[in-house]
Amino acid sequence: MDDKQHDPNLPARERILRTAHSLFYRDGIRATGIDRIIQEAGVAKVTLYRHFPSKNDLIKAYLEYRHQLWIMWFKDALSRYSKECDSVPDLLIAALREWFESDGYRGCAFINAVVEMDGVLPEFTKISKRHKEEVVELIANLLPHSQDRYHQALAIAVAVDGAILRAQLEKQSEHALESLGLILQAII
């Protein structure tokens with residue numbers, strides 16, 4: 001999910017958004033000030049506010065951008081690993097292992113945003129819920145057609161969220177993925 005934020009040839013809006021993405025995900029939304037984003041993006045304050053009139057506008061844009069990046073990555077990972085995995089649990093675990101073991105892994109940006117910002121602006125939670133719903137849909141598409149397919153996918157997504165938090169907490173993936181594997185076998 002590399003977004004190459006420091007490319008000086010990018011338009012200012014892109015540099016701002018990519019810089020905010022990097023800093024918000026790595027350091028947290030509240031801990032990242034506008035002045036730091038301006039400095040690291042290499043833009044003037046007026047330029048930032050021309051594109052994003054408030055920090056809340058920038059946070060919403062960050063969440064939308066992160067959603068697009070993550071969903072594209074997840075679809076690609078599922079496609080790549082589908083060639084070597086024989087089952088849905090193996091496929092999900094392979095994709096998640098790639099993410100959990102990537103440089104800079106800091107959990108789910110949407111869970112982090114809700115924990116940090118819930119109550120500040122309902123739109124943040126709305127974007128996060130929409131992201132989680134799309135993840136459920138992608139998981140459901142991996143499962144055989146059945147009356148319970150959506151509920152199975154939702155249960156899997158809840159288990160995946162637990163694995164995301166465990167990997168973030170332990171700063172390693174093995175326990176989270178082993179436990180997720182057991183849960184997936186029980187559900188599927």
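That block above? That's the structure.
What you are looking at is a predicted structure, and each value in this text was computed from that prediction instead of being measured. (Residues numbered from 1 in each chain as written. Predicted model: local features only at pLDDT ≥ 70, side-chain atom pairs only at ≥ 80, totals over all residues. Heavy atoms only, no water.)

Caption draft 1: Region of interest: the packing of aromatic side chains. One pass over the structure, following the stated rule, counts nine aromatic pairs. When the ring of W73 is compared with that of W99, the centres are 6.3 Å apart and the planes differ by 45 degrees; the resulting orientation is tilted. Taken as a pair, W73 in helix α4 (residues 55-82) and W99 in helix α5 (residues 88-100) lie far apart in primary sequence, 26 residues in all. The same class applies to W73 and to W99, which are both buried. Judged by centre distance (5.7 Å) and plane angle (45 degrees), the ring pair of W99 and F100 falls under tilted. Side by side, W99 and F100 carry an identical accessibility label, which is buried. Grouped by ring-pair contacts, the aromatic residues W70, W73, F74, W99, F100 and Y105 constitute a single cluster. When the ring centre of Y25 is taken as origin, the NZ or CZ atom of R66, which lies over that ring, is 4.1 Å away. (Phe/Tyr/Trp six-rings, centres within 6.5 Å; stacked < 30°, edge-to-face > 60°. Helix = DSSP H or I, 4+ residues; strand = E, 2+ residues; numbered from the N terminus. Buried < 20%, exposed > 50% of the residue type's maximum accessible area, 1.4 Å probe, protein only. Lys NZ or Arg CZ within 6 Å of the ring centre and 35° of its normal.)

Caption draft 2: Molecular detail of the nonpolar core. Counting residues in hydrophobic clusters, the biggest one holds 65 residues, and the most contacted among them are L58, W99 and F100. Of all the elements, α4 adds the most residues to this core, at 14 residues. With sequence-adjacent residues up to four places away left out, F100 is seen in contact with Y105, A163, I164, A167, S173, A176 and L177. (Core = buried A, V, L, I, M, F, W, Y, C linked by side-chain atoms within 4.5 Å. Contact = heavy atoms within 4.5 Å.)

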